[in-house]
Amino acid sequence: MTTRILVVGFDALDYELFSKFAFPEYSIIPLYSPVPMTGPAWSSIYTGLSVPNHGISEGWGRKKSSFYSRHKFLDDFLWSLRKLAGYAGLKPKLADHQTYSTSRDDFLWDVLSRNDIDCKLFNLPCTYPSRKLNGIHVAGFPARGKRNICYPSGIADHIPDDFCKKSDLIQHVSNPYRDGMGSYKPRLEELGFDRVMKIAREDSFELLECFMSLAECSFEMVQFSFVDRIGHVFGMEGEVQEKAYSLVNDILTYLSQKKNCENLLIVSDHGFQSGDRKSVV
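From a predicted model like this one, the values you see are computed outputs, not experimental measurements. (Residues numbered from 1 in each chain as written. Predicted model: local features only at pLDDT ≥ 70, side-chain atom pairs only at ≥ 80, totals over all residues. Heavy atoms only, no water.)

> Hey, could you run me through the overall build of the chain in this one?
Helix and strand counts for the chain come out as 12 helices and six strands. In the chain, which comprises 281 residues, the share counted as buried stands at 52%. Taken as a whole, the chain presents about 12900 Å² of accessible surface, with 53% of it coming from carbon and sulfur. (Helix = DSSP H or I, 4+ residues; strand = E, 2+ residues; numbered from the N terminus. Buried < 20%, exposed > 50% of the residue type's maximum accessible area, 1.4 Å probe, protein only. Areas by Shrake-Rupley, 256 points an atom, 1.4 Å probe, with all protein chains shown as cover.)

Quick look at the structure:
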């Protein structure tokens, strides 16, 4: 089977830097991200909606009070009460801290699935827990345990036991459900840039092998977040810049050689130059 569209996402892939390091066959189109933050920006890409409409406004696409977001029924119930309060005029109707599990909006793959187009989603940020669709969904950061990562549940045997750890450098060194938002930064800094790049490369290619082992679909999306995580800790200049974008190119080369697809689209939620998020590719 030939994949008609393969979308490869890189968190914080800056279009100016990508233009500098990318292979010449890529056509690069700069876009503007009104909310250059992982959760809201990726959710806008997935839905085509602005943040006030899709309501995912937190950086990880999760509520800061993770107790509720770990319990889907309770989360759904409380979110329903919140919406009723908005309709009653007790609270503003503006969506606030919605999550993927509580969102009732159509995501791209929901629309495709309803039109009998099979989809494969792999390691997409802020799509945990996995949801039913026409195809395969392996949810990404912040992920927790194998039980809620996979749809259908039978593909769990193809997913590494340490998938959550490999899915994102943050989860490689910390637990986002237990630790603070910035706890990963000193831990990565302590490891040092060379070691972190080695981890990023090893994890990325293990994820790629897992992605390739799953059944092919007409529409596929796979995502990597190391550019953003490395940039936040080590900046995005000089050697860091060169090695991070070299890994981006190696991933794209691997997919181009191994994957039979008609169209390849590379997307990002925002850019990153040194400490500045400013562009989207």
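There's plenty left to go through after this.
> Which parts of the structure should I look at to understand the side chain of Lys-166?
Positionally, Lys-166 belongs in helix α7 (residues 163-166). For Lys-166, a relative accessible area of 13% gives the class buried. Side-chain polar atoms of Lys-166 contact the side chain of Glu-206, separated by 3.4 Å. When sequence neighbours within four positions are dropped, the list of residues in contact with Lys-166 reads Asp-203, Glu-206 and Leu-207. (Polar contact = N/O pair within 3.5 Å; in protein donor to acceptor, adjacent residues only side chain to side chain. Contact = heavy atoms within 4.5 Å.)

> Could you clarify how one ought to interpret the side chain of Asp-168 in this entry?
With respect to the helices and strands, the residue Asp-168 is situated in the loop between α7 and α8 (169-173). Looking at Asp-168, its side chain comes within polar contact range of the side chain of Arg-229, at 2.7 Å. Those residues within four positions of Asp-168 in sequence are excluded, and the remaining contacts are Phe-141, Ser-225 and Arg-229.

> I keep staring at the packing of aromatic side chains and nothing clicks. Help me out?
One pair of aromatic rings is described through two measures. These are the centre distance and the angle between the planes. For the coordinates displayed, the defined rule picks out 14 aromatic pairs. Grouped by ring-pair contacts, the aromatic residues Trp-42, Tyr-46, Tyr-100, Phe-107 and Trp-109 constitute a single cluster. The ring of Phe-211 has Lys-120 lying over it, and the distance from NZ or CZ to the ring centre is 4.2 Å. The ring of Tyr-100 is capped by Arg-131, whose NZ or CZ atom sits 4.0 Å from the centre of that ring. (Phe/Tyr/Trp six-rings, centres within 6.5 Å; stacked < 30°, edge-to-face > 60°. Lys NZ or Arg CZ within 6 Å of the ring centre and 35° of its normal.)

> I keep staring at helix α10 (residues 193-213) and nothing clicks. Help me out?
Given 3.6 residues to a turn, an α-helix orients residues that are three or four positions apart in the same direction. For α10, built from 21 residues, the straight-helix expectation of 30 Å at 1.5 Å per residue is met to within 8% by its first-to-last C-alpha distance of 30 Å. The set of residues buried in α10 consists of Phe-193, Val-196, Met-197, Ile-199, Ala-200, Asp-203, Ser-204, Leu-207, Leu-208, Cys-210 and Phe-211. Seen from one end, α10 has its buried residues packed into an arc of 165 degrees, which puts them on one side. In α10, the exposed positions that point more than 90 degrees away from the buried face belong to Asp-194 and Glu-209. (Expected span 1.5 Å × (residues − 1). Arc of directions from axis to C-beta.)

> Before we go on, may I ask you to explain the pairing of strand β3 (residues 135-139) in this structure?
On a regular strand, each side chain points to the face opposite its neighbour's, so the side chains alternate between the two faces of the sheet. Among the five residues in β3, four count as buried, and that is most of the element. Where strand β2 (residues 119-124) lies against β3, five bridges are found, and the strand directions are parallel. Residue Cys-119 lies in a different strand from β3, and its bridge partner there is Gly-135. Of the strand pairs in this sheet, β3 and strand β4 (residues 150-151) are connected by two bridges, and their pairing is antiparallel. The residue bridging His-137 from the neighbouring strand is Tyr-151, located in β4. (Pairing = 2+ DSSP bridges.)

> It is not clear to me how the nonpolar core should be interpreted in this structure. Could you clarify?
Soluble globular proteins tend to bury their nonpolar side chains together. Judged by nonpolar contacts, the single largest core of 58 residues is most densely connected at Phe-10, Phe-18, Phe-122, Val-138, Phe-226 and Ile-230. When residues no more than four places from it in sequence are discounted, the contact partners of Ile-230 are Leu-169, Phe-193, Val-196, Met-197, Ala-200, Gly-235 and Val-240. (Core = buried A, V, L, I, M, F, W, Y, C linked by side-chain atoms within 4.5 Å.)

> In this structure, what is going on with the sheet that holds β2? I would like to understand it.
One key point about sheets: their strands pair by backbone hydrogen bonds, in either a parallel or an antiparallel sense. Ordered by their spatial adjacency, six strands build an open sheet running β4-β3-β2-β5-β1-β6, and the pairing between neighbours is mixed. Looking at strand neighbours, the two that pair on one side only are β4 and β6 (261-267), the edges of this open sheet. With six bridges connecting them, strand β1 (residues 3-10) and β6 associate as parallel partners. Each residue of the ladder has a partner; that of Val-7, found in β6, is Leu-265. The strands touched by helix α12 (residues 238-258) are β1, β5 (219-224) and β6; relative to β1, the strand with the most contacts, the crossing angle is about 165 degrees. (Axes fitted to C-alpha atoms, helices over the stretch in contact; angles between N-to-C directions.)

> Which parts of the structure should I look at to understand the environment of Met-212?
Mapped onto the fold, Met-212 is located in helix α10. As a C-alpha pair, Met-212 and Lys-259 span 47 residues in sequence and 7.9 Å in three-dimensional space. Those residues in contact with Met-212 that sit more than four places away from it in its chain are Tyr-254, Leu-255, Lys-258 and Lys-259.

> Which parts of the structure should I look at to understand the state of the cysteines?
A disulfide bridge is the covalent bond that connects two cysteines by way of their sulfur atoms. Counted under the stated rule, the structure contains zero disulfides. Here Cys-210 stays unpaired: no disulfide links it, and the sulfur of Cys-150, its closest cysteine neighbor, is 8.0 Å away. (Disulfide = S-S within 2.5 Å.)

> Could you clarify how one ought to interpret the packing of α10 against α12 in this entry?
Two quantities define a packed helix pair, namely the angle between the helix axes and the distance between the axes. Running from amino to carboxyl end, α10 crosses α12 at an angle of 15 degrees, the nearest separation of the two axes being 11 Å. Comparing the axis directions of α10 and α12 gives the class roughly parallel. Both α10 and α12 take part in a crossing whose hand is right-handed. Between α10 and α12, the residues in contact are Phe-193, Asp-194, Met-197, Ala-200, Arg-201, Ser-204, Phe-205, Leu-208, Glu-209, Phe-211 and Met-212 and Glu-239, Val-240, Lys-243, Ala-244, Ser-246, Leu-247, Asp-250, Ile-251, Tyr-254, Leu-255 and Lys-258, respectively. (Parallel < 35°, antiparallel > 145°, perpendicular 65-115°, else oblique. Left-handed = near helix turned anticlockwise from the far one by under 90°.)

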